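# Understanding the architecture of this molecule
This is what each chain is made of:
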Amino acid sequence: QRIPPIVGAFSPPAELAETNYFSAMEVFQRFDANKDGSLDQREFQKLMVNLCPGRNDWNEIAKYFRDEVDKDGSGQINFARFLQWVFCGKDRCSRGVLEPTSPTSPNNGAEEWERASVASSTTSSRGPLVIKFTFEPGFRLQMGGIMRMLQPLDGQIDVRTATSRTARGCKKVEVLLGKGIKLWDWDTMVTQHEYPFRNMASTNEWIDDLMKKHIPLLLTLARLL
């Protein structure tokens, strides 16, 4: 049976379909053969052939790359463009998703939603990058320290918080772009990544790394949408 062509369809490999930010970065770096910080057409073809069993028509993949992935026609994509392809395809390219319209999640009455913003009233019309933290009530003190660390990014990011009585520590950190970009998720990442909020020192190290390395990339992504 012939496998349907991938041209014209938003179809990241299954390995990336439900991935998180750091796993997406690992895949990107794995196939960036010359380590120049971008994937050219041939590197992208290798990615698709390796991660999509049966998708081995290189000409077909090349057309898909040109038509659906390489948005600026440069012949290569940087990590921000890669994130756009993985998380913000044509059917999911909004800036800010997954937020409930009511104060309480309809699926979990124990979850209380609140908003804590570090964005000023002078942000651009497109709005700041929204990052949501979900955590147990006992994490509030630690969250206060995180908010203070993020204060230098006032106007660029908007921090939103949600408390859940069923959570352990910090349950999730998610950027609200496209389908949602997980920076931390207890349920799916704790077996592969060390818990970043185990104490104040590890929290400070994780947030500092986020501010210096990853938020700039995510801001670049936001400008693409």
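Residues numbered from 1 in each chain as written. Predicted model: local features only at pLDDT ≥ 70, side-chain atom pairs only at ≥ 80, totals over all residues. Heavy atoms only, no water.

Another aspect to go through is the overall build of the protein. If you tally the helices and strands in the protein, you get eight helices and seven strands. Among the 225 residues that make up the protein, the fraction classed as buried is 45%. For the protein, the proportion of contacts with a sequence separation of at least 24, taken over those separated by at least 6, is 73%. With the model as given, the accessible surface of the protein reaches about 11400 Å², and the carbon-plus-sulfur share is 48%. (Helix = DSSP H or I, 4+ residues; strand = E, 2+ residues; numbered from the N terminus. Buried < 20%, exposed > 50% of the residue type's maximum accessible area, 1.4 Å probe, protein only. Contact = heavy atoms within 4.5 Å. Areas by Shrake-Rupley, 256 points an atom, 1.4 Å probe, with all protein chains shown as cover.)

For the rest of this paragraph, the subject is the pairing of strand 4 (residues 129-135). Within strand 4, seven of the seven residues are buried, which leaves it mostly tucked inside the rest of the structure. Looking at chain direction, strand 4 and strand 5 (residues 157-164) are connected through seven bridges and run parallel. Bridging across to strand 5, L129 finds its partner in I157. Since strand 4 and strand 5 lie parallel, the crossover through helix 6 (residues 140-150) that links them has a hand, and here it is right-handed. As paired elements, strand 4 and strand 6 (residues 170-175) share five bridges and run antiparallel to each other. Looking across to strand 6, one finds that I131 is bridged to V175. (Pairing = 2+ DSSP bridges. Right-handed = clockwise from strand over helix to strand, strands pointing away.)

Moving on, we come to helix 6. Residue pairs three or four apart in sequence face the same way in an α-helix, which turns once every 3.6 residues. Where helix 6 is concerned, the buried positions are Q142, M143, G145, I146, M147 and L150. Where the residues of helix 6 are buried, they touch strand 4, strand 5 and helix 8 (200-224).

This part is about the pattern of salt bridges. Taken as a whole and judged by the stated rule, the model has eight salt bridges. Put simply, D158 and R160 hold a salt bridge, and the shortest N to O gap is 3.3 Å. Of the residues examined, D158 reaches a relative accessible area of 2% and is grouped as buried. Residue R160 is classed as partly exposed on the basis of its relative accessible area of 21%. Among the salt bridges present, the one from E194 reaches R198, with a minimum N-O distance of 3.5 Å. (Salt bridge = Lys/Arg side-chain N within 4 Å of Asp/Glu carboxyl O.)

Bringing unusual backbone geometry into the picture now. Although it is not a glycine, K35 sits at a positive phi angle of roughly 55°. Its place among the elements puts K35 in the loop between helix 2 (21-31) and strand 1 (38-40).

Core analysis: the largest hydrophobic core is formed by 58 residues, its most contacted members being F82, W85, L129, F133, L150 and I215. In terms of residue count, helix 8 provides more of this core than any other element does, nine residues in total. Aside from chain neighbours lying at most four places away, what touches F133 is M143, I146, L150, V159, R160, T161, A162, C170, K172, V173 and I207. (Core = buried A, V, L, I, M, F, W, Y, C linked by side-chain atoms within 4.5 Å.)

Turning our attention to the confidence of the model for the protein. Mean pLDDT for the protein: 83, with 79% of residues reaching 70 or above. The model gives residues 1-10 a pLDDT under 50, and that stretch makes 27 contacts with residues more than four places away or in other chains. Contacts for the low-pLDDT stretch residues 91-125, under 50 throughout, to residues beyond four places or in other chains number 87 contacts. (pLDDT = per-residue confidence, 0-100.)

Summed over all chains, the structure comprises 16 aromatic pairs. Both rings, one in Y21 and one in F79, keep their centres 5.7 Å apart while their planes meet at 75°; by these two values the pair is edge-to-face. With a gap of 58 residues between them, Y21 in helix 2 and F79 in helix 5 (residues 79-87) connect regions that are remote in the sequence. Like Y21, the residue F79 is buried in the burial classification. (Phe/Tyr/Trp six-rings, centres within 6.5 Å; stacked < 30°, edge-to-face > 60°.)

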